[in-house]
Amino acid sequence: MPAPAPTLSDTAVALCVVLIFLIPSTAAGIALINTGLGRSHSAAHLMMSSLCVFSTAALVYFICGFSWQGFAGGPAHVFTIGGRGWNWIGAGHFFLRGVALEGSPASLAALLGTLSVGLAALIPLGSGADRWRLGAACASTALLAGWTYPLFAHWVWSGGWLAQLGSNYGLGRGFIDAGGSGTIQVVGGLTALSIAWILGARQGKYTLEGMPTAIPGHNSVFVLFGCMLALLGWFGLNSAGAILFYGVAPGQTALIAINTAISAAASAMTAAVITRTRFARPDASLAANGWIGGLAASSAGCAFVTPLAAVAIGIVAGTLVTFSVEWFELRLSIDDPGGAISAHAMAGLWGLLSVAIFVRTPAGALGAAGASSGSASGQWLAQVVGIATLIGFVLPLTYGLNLLLNYFYPQRVEPEGERQGMDLFELGAGAYPEFVTHSDEFTQRRT
Amino acid sequence: MLLLAGWAIVLAAVALLAAEALRAAFVLAGAGVEVLGLALVARAQLAAQGEHD
């Protein structure tokens, strides 16, 4: 049996629309961060990829993604085990047919999904920077937006089996992820990990002995400005998700915004202090990754934790991001120029786990998406089940799909393209034409 | 395969076990299997990159 449809007041609907309209600034922020952390000769390519990937995600989600994600109370495929329903996937029509586009919760979910799937798709661009072909990035995005993202989003936000762990099995209020720590950040971050594995490291990143060499980002200003832009959209993302999927009162928006901002602030400052202590100077790129990590971690429980808990979540996220960036690069030889795996996947996983530690949900606070009754003691288990689903199902799925794609359509650019820079090789023009360049770099790929 | 196997254990524990402690133990065991799978995938990728270099 599908979960009941949420009911929203006119105020909540109006507020939701305004909040959702803020989300594209997060996309702009992430695009700037990815570009700034990449190399100058791939800057235009990264921005172009961001636009194309965001567009592809929106189109594919419109065509088939939302029909599989569905919405709470909408048509869905459900099977029964032991007398309890397992809601697996939406059963709506393609092209948004059948969705009342006049301010209904379903239409708001479609609008939020159209933008947030683009955010999830932008995340892997950070790990594939400087070597991921534009066409391959779009094809990979189609898989993400058409299948991986809608499936997990259905389970969490559309009354799927993870959302109903509370009502069906007494596990707290079911899996809680108000702003998309799991649905957007971890799904995008695990796809970033898959892409980094499939593409391999950039030329010259590792010596023959396996030691990493530093390839610094080319524009810290882009990176730090991108952080500020991302915060604006994150206010919208967290608030709209909490109102739309968990029935949080519009008045709670202030708490959500405060939690979001101070979690990011605590995380960025933690990263800055750690790098200052270890390397004598604060590291701008790690502080930026810390900021994004704090935002990603804040999303899951943004409406249900106290501001003090949000600070604690941010401090842990900043520490986790700082050390995991180094761990991935040094120990696992994973070349992730944008730090996407650490800032989105690792911090997002921590955000989901933090719900089990810090959330104290008042009775009746969670009305939608099947998040009803259940013992509070089981909340941690619901969160662990959700995390296990991300690592045990979403990661193999996204890795397998991208590996298959790579077999038919190689995702990594040719060595010459990497040497010349993605801008000239794939776009035929650089982002900074006034820079001094070598004459052979003007050689066109095709004449 | 270990990642999927771990997830299957988690799902089975949720669906089939009623006792809270037993269910929690099996869910954690499934998560442990996933961590093992993740470590093996990481090692395999590391070895593949070494060969490529």
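Before reading further, recall that the structure is shown in the block above.
In this text, all values refer to a predicted model and were calculated from it rather than measured experimentally. (Residues numbered from 1 in each chain as written. Chains lettered and ligands numbered in written order. Predicted model: local features only at pLDDT ≥ 70, side-chain atom pairs only at ≥ 80, totals over all residues. Heavy atoms only, no water.)

## With respect to the packing of aromatic side chains
- This structure, assessed with the given rule, holds 24 aromatic pairs over all chains.
- With a centroid separation of 5.6 Å and an interplanar angle of 10 degrees, the aromatic rings of Phe79(A) and Trp88(A) are classed as stacked.
- Of the residues examined, Trp88(A) reaches a relative accessible area of 19% and is grouped as buried.
- Aromatic side chains Trp86(A) and Trp88(A) sit 6.1 Å apart centroid to centroid with 20 degrees between the ring planes, which places their arrangement in the stacked category.
- What links up through ring pairs into an aromatic cluster is the set Phe79(A), Trp86(A), Trp88(A), Phe152(A), Trp155(A), Trp161(A), Tyr169(A), Phe175(A), Phe393(A) and Trp7(B). (Phe/Tyr/Trp six-rings, centres within 6.5 Å; stacked < 30°, edge-to-face > 60°. Buried < 20%, exposed > 50% of the residue type's maximum accessible area, 1.4 Å probe, protein only.)

## Observations concerning the packing of helix α3 (residues 43–69) of chain A against helix α5 (residues 134–157) of chain A
All names here are of chain A.
- Put simply, α3 and α5 touch, their axes get as near as 8 Å, and they point 40 degrees apart. With respect to α5, the element α3 is oriented oblique. Crossing angle aside, the handedness with which α3 passes α5 is right-handed.
- Per-class residue counts for the contact of α3 with α5 are 18 nonpolar, 8 polar and no charged. (Axes fitted to C-alpha atoms, helices over the stretch in contact; angles between N-to-C directions. Helix = DSSP H or I, 4+ residues; strand = E, 2+ residues; numbered from the N terminus. Parallel < 35°, antiparallel > 145°, perpendicular 65-115°, else oblique. Left-handed = near helix turned anticlockwise from the far one by under 90°. Nonpolar A, V, L, I, M, F, W, Y, C, P; charged D, E, K, R; others polar.)

## Points about the pairing of strand β1 (residues 76–81) of chain A
Residue and element names in this part refer to chain A.
- As judged from the 6 bridges shared by β1 and strand β2 (residues 84–90), these two strands associate in the antiparallel manner. Following the sheet pairing, Val78 is matched in β2 by Asn87.
- Counted along the chain from β1 to the antiparallel partner β2, the turn is 2 residues long, and its residue Gly82 has a positive phi close to 60 degrees. (Pairing = 2+ DSSP bridges.)

## Describing the environment of Thr213(A)
Residues and elements named next belong to chain A.
- Relative to the helices and strands, Thr213 resides in the loop between α7 (181–199) and α8 (220–246).
- Residue classification places Thr213 among the partly exposed positions, given a relative accessible area of 28%.
- Separated by 116 residues in sequence, Thr213 and Glu329 place their C-alpha atoms 9.7 Å apart.
- If we ignore the near neighbours within four places in the chain, the residues touching Thr213 are Gly204, Lys205, Tyr206 and Thr207. (Contact = heavy atoms within 4.5 Å.)

## Notes on helix α4 (residues 105–127) of chain A
- Over its 23 residues, α4(A) extends 34 Å from the first C-alpha to the last, a length consistent with the 33 Å expected when each residue adds 1.5 Å.
- Counting buried positions over the 23 residues of α4(A) gives 20, a clear majority of the element. (Expected span 1.5 Å × (residues − 1).)

## Some thoughts on the interface of chain B and chain A
- On the chain A side, the residues contacting the 20 residues of chain B number 28 residues.
- Buried surface at the junction of chain B and chain A, summed over both partners, amounts to about 2,200 Å²; 74% is from carbon and sulfur atoms.
- On the surface where chain B and chain A come into contact, there are 0 salt bridges.
- Summed over the shared surface of chain B and chain A, the result is 4 residue pairs in polar contact (both at pLDDT 80 or more).
- At the level of secondary structure, the elements contributing two or more residues to the side of chain B that touches chain A comprise α1 (2–16) and α2 (20–52) of chain B.
- By residue number, the principal contributor to the side of chain B that touches chain A is α2(B), which donates 12 residues.
- Tallied by class, residues from the side of chain B that touches chain A come to 14 nonpolar, 2 polar and 4 charged. (Buried area = accessible area lost by both parts, 1.4 Å probe. Salt bridge = Lys/Arg side-chain N within 4 Å of Asp/Glu carboxyl O. Polar contact = N/O pair within 3.5 Å; in protein donor to acceptor, adjacent residues only side chain to side chain.)

Interpretation note: all reported values are geometric properties and have no functional meaning in isolation.
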